[in-house]
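Coordinate analysis (summary)
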Amino acid sequence: MFTSVDDVSARLAETGYLASPAVATTVFLADRLGKPLLVEGPAGVGKTELAKAVAQVAGARLVRLQCYEGVDESRALYEWNHAKQLLRISAGRDESWDETRTDIFSEEFLLPRPLLTAIRGDEPTVLLIDETDKADVEMEGLLLEVLSDFQITVPELGTVAATRRPFVVLTSNAGRELSEALRRRCLFLHIGFPEEELERRIVRLKVPGLGAALTESVVRVVGALRAMDLRKVPSVAETIDWARTLLALGADTLDETVVRDSLGVILKHQDDIQKAAAKLDLDAL
Amino acid sequence: MTAVAEQITGLVGALRGHGVRIGTGETVDAARAVEALGLADRERLREGLAATLLHGPAQRAVFDPVFDLYFPRGVGGPDGESGDREAVRDRLAEALAADDRAMMARLAVDAVDALGGYGSSPGSDGWSAYQTLDRLRPQTLLARVRTDVRGRDGSGAGFADRLLDDEIRRRIEEFRRMVGAEARRRVAERRGRDEIARRGVVPTADRVDFLFANRDQLAELRRAVQPLARKLATRLAARRRRAARGTVDLRRTLRSSLSTGGVPMRPVLRRRRPVRPELVLLCDVSGSVSGFSDFTMLLVQALHDQFSKVRVFAFVNRLDEVTGLLHHGRADPEGLGTRIHAEATLTGWHGSSDYGVALGEFAARYGDAVGPRTTVFVLGDARTNMSDPNLAAVREVAGRARRVYWLNPEPRDRWGTGDSAAPAYAELVEMHECRTARQLSALIARLLPV
């Protein structure tokens, strides 16, 4: 898919995703080694965006499995279409039992769910397993076969192996510790908060109307807030939101009034706002 | 074996020595990654190896210094003349003002070469980051860099300008880290990198001895409380699930067997009533072990929804309940220790710890906190300063509680030395050595009632 690490950065940038060197290198390796990519990091640093950008770059179909508590085999892998099977049985009344039995467990009656869809397709596919940590531990067991051998075993049909390996991205907020077995099958990428320079470029790209000096100040203030011990530190998504807010407010420089009025955009807890106000020498709120 | 393969296996070996679990498969992947990336770009190589070998963000802190040793930036000293102290300081001030990382890295090399060397005979000489930083004193450049930056921007009146000091401090901190890495590299060239990788790299926070942890490491531990609690909660829930289906309920099995003609076709398992256990924590918060008890208290507090009731008591030589303080302490874990000392009555006539009096006071005043469903954890080093250990009180509490565990932050071979009453207490209650956060989490996952 990619020829070099620089190729990854350049092509991701075309879609509007600015990758740090770590991200570009790891995406390149995941493609080259044919291994799934496990992406961890705080909320709002672009984990899901990465998968979307890769799909766009590769011209691939994006298959997404959103994990939640209680997601199971029939939601993730496949399900038999019971209603259709019943119809088939009642339609073929004169058939012998053996004929019917072999018939109703065929591909026609199989409802593929995301994992099976991703495995069976012939076109290039990016499989995104989002928020893996939200799923139960049992779900990880299901994923192991898919992730290591890119195949799925359906007891009635046999094993379905991928004709073309999908590019797999798993994301996690580290809400729960994922098992060693799952981690060992993946390349591990931790996306943290970007360096100042990269974040400036991101803001310039996403909010082009904002002046250079203001962009610089925004990134510096957010950087300072991240160094503080807050309940929820602002992420890249918040930086962009804030930049958009400032643009909408028509501010051309940061000053105390503007910051005080818009601090709620980047900080989501009242005690965080108070702490930040003290740190930034704003007057009492 | 080629040189690169040797480097990779050496790196893997060193990481394993620091507790990172890496299988052969990952090593092979790492080698394939090196093949795909080539050796030209060192930072890419670093990211590639990290992606293949590591499994979690916490391991990165160990990985980076070890990588610097096995894939060093270069060999030997700097190419040109490194200059004297003043010259290095001048250039450093410039680099800090411009936030020029590449220049800072070069200066770290020069600084260690010019200022860090000690000793002259082979075997006793080396390079010291401490000595370099002590002579260079980068922290004193703050004012100068600030004026520099202000002068360059011209205005100096922007809003973000008030953050300048912190930013410069962060840059200086970064430079100190670079000097540390450089000094390790130079020493490794002389002494062999395997040894330096084993001894010279700071272990991850969860493997640091509680009794020797410095302030930064304790702060890092406190930050790790929430993720650790989540991890433990998952493990406790799994244990609870497993425990929930266990023994056969004979009466209900026989009753249901009537429908199959008296043949018990389907065993009925005993349903467990979801009883959440109670927990009592007795914490020695005297200076010697306070890091350990603070951390444990926060951890247990973070786990509070796993229990129907958690009560926490702190003592030095008097004992007082601090459950309420801890509850509010979640917002400000740093100040927890100070607040406990300020607001609870922990000392009587003197300031040194006295287990006998404190345990006696617990049995007398708060005896009703302990019932047949209560598990009691005592946290402390059992050093009674030569006073009476009051074994009767411990026996009384142990008799009343469901279980009593004692977690001791001292290494096992020091129990019973000097004024330690550990062996005497260990005869009455189960005592475990608990020196690091890693040991603590393993113990909690195993010992906590479900």
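Every value quoted in this text rests on a predicted model; they were computed, and no experiment measured them.

**A closer look at the sheet that holds strand β9 (residues 187-190) of chain A**
Residue and element names in this part refer to chain A. An order of β2-β5-β8-β1-β9 is seen for the five strands of this open sheet, with the pairing classed as parallel. The open sheet terminates on both sides in strands that have one partner only, identified here as β2 (61-66) and β9. Looking at each pair of strands side by side, their axes are set apart by 20° on average, direction ignored. Judged from the four bridges that link them, strand β5 (residues 125-130) and strand β8 (residues 167-172) form a sheet pairing that is parallel. Looking at β8, one finds that Leu127 is bridged to Val168. Sitting on the sheet, helix α2 (residues 21-33) touches β1 (37-40), β8 and β9, and the angle it makes with β9 is about 165°.

**Details of the interface of chain B and chain A**
Each partner contributes to the interface: chain B provides 31 residues, whereas chain A provides 37 residues. At the boundary of chain B with chain A, total buried surface from both sides reaches about 3100 Å², with 57% on carbon and sulfur atoms. Interface area lost by chain B to chain A is led by B:Arg44, B:His55 and B:Phe159, which between them contribute 21%. The tally of links between chain B and chain A comes to four salt bridges. The residue A:Asp6 makes a salt bridge to B:Arg44 at a minimum N-O spacing of 2.5 Å. Inspection of the chain B/chain A interface yields eight residue pairs in polar contact (both at pLDDT 80 or more). Going through the elements one at a time, α2 (24-37), α3 (42-53), α9 (164-191) and α12 (225-244) of chain B are the ones with two or more residues in the side of chain B that touches chain A. Residues of the side of chain B that touches chain A, tallied by class, amount to eleven nonpolar, five polar and 15 charged.

**A word on the state of the cysteines**
All names here are of chain A. The tally for this structure, following the rule as stated, stands at zero disulfides over all chains. Free of any disulfide, Cys186 has its nearest cysteine sulfur in Cys67, 12 Å distant. When its relative accessible area of 3% is taken as the criterion, Cys186 is described as buried.

**Examining the packing of helix α1 (residues 5-14) of chain A against α2(A)**
All names here are of chain A. Taken N-terminus to C-terminus, the directions of α1 and α2 make an angle of 110°; their axes are 8 Å apart at the nearest point. In terms of orientation, α1 lies roughly perpendicular with respect to α2. In the crossing of α1 with α2, the sense of the turn from one axis to the other is right-handed. Between α1 and α2, the residues in contact are Val5, Val8 and Ser9 and Ala24, Thr25, Val27 and Phe28, respectively. The class makeup of the residues in the contact of α1 with α2 is five nonpolar, two polar and no charged.

**Some thoughts on the pairing of strand β6 (residues 374-379) of chain B**
All names here are of chain B. By the criterion of burial, β6 is predominantly enclosed, with six of the six residues buried. Burial along β6 is two-sided: the face carrying Thr374, Val376 and Val378 and the face carrying Thr375, Phe377 and Leu379 are both buried. Here strand β3 (residues 278-284) pairs with β6 via six bridges, running parallel. Counted as the bridge partner of Glu278 is Thr374 from β6. Sheet topology note: the β6/strand β7 (residues 403-408) ladder contains five bridges and is parallel. Bridge pairing in β7 links Val378 to Trp406. Traced from β6 through helix α18 (residues 391-400) to β7, the parallel crossover comes out right-handed.

**Some remarks on unusual backbone geometry**
Positioned with a positive phi, B:Ala382 is a non-glycine residue whose angle comes to about 60°. Locating B:Ala382 in the fold gives a position in the loop between β6 and α18.

**Notes on the pattern of salt bridges**
Scanning the model with the defined rule gives 49 salt bridges over all chains in all. Where B:Asp29 meets A:Lys35, a salt bridge forms, and the shortest distance between an N and an O atom there is 2.4 Å. Of this pair, B:Asp29 sits in helix α2 while A:Lys35 sits in the loop between α2 and β1, each in a different chain. Neither B:Asp29 nor A:Lys35 differs from the other in exposure class; each is buried. Here B:Glu182 ties to B:Arg185 by a salt bridge, and the two come within 2.9 Å at their closest N and O atoms. With a gap of three residues between them, B:Glu182 and B:Arg185 both fall in helix α9, about one helical turn apart. Among the charged side chains, a salt-bridge network with shared partners connects B:Arg42, B:Glu43, B:Arg46, B:Glu47, B:Arg60, B:Asp64 and B:Asp68.

**What about the domain arrangement of chain B?**
If you check the domain split of chain B, you get domain 1 (3-70), domain 2 (85-192) and domain 3 (223-244 + 275-447). In this structure, domain 2 of chain B and domain 3 of chain B have C-alpha centres spaced 44 Å apart.

**Some points on the sheet that holds β6(B)**
Residue and element names in this part refer to chain B. What the six strands build is an open sheet, ordered β5-β4-β3-β6-β7-β8; its pairing is mixed. Strands at the two margins of the open sheet, each flanked by one partner only, are β5 (319-321) and β8 (430-433). Ignoring strand direction, the axes of neighbouring strands in this sheet form an average angle of 20°. With three bridges joining them, strand β4 (residues 309-315) and β5 adopt antiparallel strand pairing. Looking across to β5, one finds that Ala314 is bridged to Asp320. Contacts from helix α20 (residues 437-447) reach β6, β7 and β8, with the element oriented near 150° to β8.

**Looking at the domain arrangement of chain A**
Residue and element names in this part refer to chain A. Under the domain assignment, chain A is made up of domain 1 (5-77 + 113-190), domain 2 (79-110) and domain 3 (196-278). Distance between the C-alpha centres of domain 1 and domain 2: 34 Å. Residue-level contacts link seven residues of domain 1 with six residues of domain 2. With both chains or domains summed, domain 1 and domain 2 bury close to 650 Å², and 57% of this area falls on carbon and sulfur atoms. Of all residues in domain 1, Arg120, Glu156 and Leu157 give up the largest surface area on contact with domain 2, accounting jointly for 61% of the area buried on that side. Put simply, domain 1 and domain 2 have two salt bridges between them. Across the salt bridge formed by Arg120 and Glu107, the nearest N and O atoms sit 2.4 Å from each other.

**Digging into α18(B)**
Because the α-helix completes a turn every 3.6 residues, residues three or four places apart line up on one side. Residue and element names in this part refer to chain B. Those residues of α18 that sit buried are Ala393, Val394 and Val397. The buried residues of α18 occupy an angular sector of 100° when the element is viewed end-on, so they sit on one face. Turning to α18, the residues buried within the fold contact α17 (355-365), β6, β7 and α19 (422-428).

**Brief notes about the packing of helix α6 (residues 101-115) of chain B against helix α7 (residues 129-136) of chain B**
Residues and elements named next belong to chain B. Here α6 crosses α7 at 95°, and the two axes come no closer than 9 Å. With respect to each other, α6 and α7 are oriented roughly perpendicular. Contacts between α6 and α7 involve Ala111, Val112 and Leu115 from the former and Gln131, Thr132, Arg135 and Leu136 from the latter. Considered class by class, the residues forming the contact of α6 with α7 number four nonpolar, two polar and one charged.

**Comments concerning the environment of B:Ile444**
With respect to the helices and strands, the residue B:Ile444 is situated in helix α20. With near-sequence residues (within four places) excluded, B:Ile444 lies in contact with B:Leu232, B:Leu236, B:Leu299 and B:Leu303.

What counts as what
Residues numbered from 1 in each chain as written. Chains lettered and ligands numbered in written order. Predicted model: local features only at pLDDT ≥ 70, side-chain atom pairs only at ≥ 80, totals over all residues. Heavy atoms only, no water. Pairing = 2+ DSSP bridges. Helix = DSSP H or I, 4+ residues; strand = E, 2+ residues; numbered from the N terminus. Axes fitted to C-alpha atoms, helices over the stretch in contact; angles between N-to-C directions. Contact = heavy atoms within 4.5 Å. Buried area = accessible area lost by both parts, 1.4 Å probe. Salt bridge = Lys/Arg side-chain N within 4 Å of Asp/Glu carboxyl O. Polar contact = N/O pair within 3.5 Å; in protein donor to acceptor, adjacent residues only side chain to side chain. Nonpolar A, V, L, I, M, F, W, Y, C, P; charged D, E, K, R; others polar. Disulfide = S-S within 2.5 Å. Buried < 20%, exposed > 50% of the residue type's maximum accessible area, 1.4 Å probe, protein only. Parallel < 35°, antiparallel > 145°, perpendicular 65-115°, else oblique. Left-handed = near helix turned anticlockwise from the far one by under 90°. Right-handed = clockwise from strand over helix to strand, strands pointing away. Domains from an automatic or database assignment. Arc of directions from axis to C-beta.

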